Amino acid sequence: MDLIFGGTSEGRELYSACREAGLPVWLSVATEYGRELAEQSPEDKFIHAGRMDKPAMERFFQEKGIARVVDATHPFAVEVSRNIKAACEALGIPYIRYRREGGTYNGGWTCRDTAEAARILETVPGNILLTTGSKELAAFSHVPGFSERFYARVLPSEESMRLCREAGLPGSHILGMQGPFSEEWNRLSIREWNIRVLVTKDSGKRGGFEEKLSAAQKEGIRALVIGRPPEEEAALDSLESVLRYLSAQPGTEEL
């Protein structure tokens with residue numbers, strides 16, 4: 001059996017394609033909500049839901065007889081990818097990164113990470129739309145006027161709602177939605193909440209990144225882009241290339 005670590009639409013799509021092709025694969029996702037999005041049927045027994053640290057990954061690999069691992073986690077899930085790679089190295093299991101294509105942008109602001117984004121926003125007036133995910137909210141919660149000026153668009157999961165409340169956002173500022181979103185939907189959101197700055201990660205074309213930037217430009221507001229962390233390992237960047245890799249017998253595949 002092979003194992004796909006999901007967390008992106010590409011990971012779910014890859015799992016579906018493997019099942020349709022009759023390839024024996026497991027899919028690992030972080031939450032039950034991720035399972036709901038990915039499962040092929042209520043009887044799907046090959047999805048593991050729940051976060052795993054490195055030791056738990058190693059146990060899972062051994063228990064399920066995992067031969068190869070595909071890391072299709074989010075480009076910003078740096079710690080998860082680091083643990084996956086380390087667990088594979090510890091057990092001598094081949095690891096490959098399935099990396100979504102990055103977006104293109106010009107204009108607006110760019111920054112290295114969430115902490116720098118929060119510092120920039122400390123001097124910015126007006127309402128702010130965060131599309132960076134619920135796990136990043138704590139970094140922004142100390143910006144003046146956070147609970148009054150910030151709106152967070154997050155996944156409609158119990159965990160996301162909890163993190164929003166813990167950060168200090170009122171219910172009227174929590175936008176629980178499943179993306180990606182069209183340019184028009186982003187424009188409607190900007191107008192509805194009188195947004196002056198839209199904050200996003202460079203989540204790639206499949207993550208709705210370019211639609212957000214286009215909406216911000218057409219609505220005459222600024223976009224603040226958090227750049228991707230660097231990745232050192234080689235990666236495959238298309239569904240077809242990963243399917244070819246997994247279709248080959250372990251030990252005979254070519255990258």
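Residues numbered from 1 in each chain as written. Predicted model: local features only at pLDDT ≥ 70, side-chain atom pairs only at ≥ 80, totals over all residues. Heavy atoms only, no water.

Per an unreviewed UniProt entry, the protein is named Precorrin-6A reductase, and its organism is Candidatus Merdivicinus excrementipullorum. Per UniProt, the comment on the protein under Pathway (unreviewed entry) is "Cofactor biosynthesis; adenosylcobalamin biosynthesis." (UniProt positions renumbered as here; feature names shortened; annotations may be inferred.)

### Digging into the overall build of the protein
Tallying secondary structure elements over the protein gives eleven helices and twelve strands in all. Scaling as 2.2 N^0.38, a compact globule of 255 residues should have a C-alpha radius of gyration of about 18 Å, and the protein matches this with 19 Å. A burial count over the protein gives 48% of its 255 residues as buried. A fraction of 65% describes how many contacts in the protein between residues 6 or more apart in sequence connect residues 24 or more apart. Counting every atom, the protein has about 12,400 Å² of accessible surface; 49% of that belongs to carbon and sulfur. (Helix = DSSP H or I, 4+ residues; strand = E, 2+ residues; numbered from the N terminus. Rg over C-alpha atoms; globule rule 2.2 N^0.38 Å. Buried < 20%, exposed > 50% of the residue type's maximum accessible area, 1.4 Å probe, protein only. Contact = heavy atoms within 4.5 Å. Areas by Shrake-Rupley, 256 points an atom, 1.4 Å probe, with all protein chains shown as cover.)

### Considerations on the packing of helix α3 (residues 54–64) against helix α4 (residues 78–91)
In contact at an axis separation of 9 Å, α3 and α4 are set at 50 degrees when each is read in the N-to-C sense. Regarding the angle of α3 to α4, the classification is oblique. Of the two elements, α3 crosses α4, and the hand of that crossing is right-handed. Facing α3, whose interface residues are Lys54, Met57, Glu58, Phe61 and Gln62, α4 presents Val80, Asn83, Ile84, Ala86, Ala87, Cys88, Ala90 and Leu91. Among the residues forming the contact of α3 with α4, the class breakdown is nine nonpolar, two polar and two charged. (Axes fitted to C-alpha atoms, helices over the stretch in contact; angles between N-to-C directions. Parallel < 35°, antiparallel > 145°, perpendicular 65-115°, else oblique. Left-handed = near helix turned anticlockwise from the far one by under 90°. Nonpolar A, V, L, I, M, F, W, Y, C, P; charged D, E, K, R; others polar.)

### Some remarks on the pattern of salt bridges
Scanning the entire structure with this criterion turns up 13 salt bridges. Between Arg97 and Asp71 there is a salt bridge whose closest N-O contact spans 3.4 Å. Here Arg97, found in strand β5 (residues 95–98), pairs with Asp71, found in strand β4 (residues 68–71); they are 26 residues apart in sequence, far enough to count as distant. Looking at Asp71, the relative accessible area reads 0%, which means it is buried. In this structure, the salt-bridge partner of Arg112 is Glu116, at a minimum N-O distance of 3.6 Å. Overall, Arg112 belongs to the exposed group, its relative accessible area being 63%. Classification of Glu116 by relative accessible area gives buried; the value is 17%. The network of salt bridges with shared partners includes Glu184, Arg187, Arg191 and Glu219. (Salt bridge = Lys/Arg side-chain N within 4 Å of Asp/Glu carboxyl O.)

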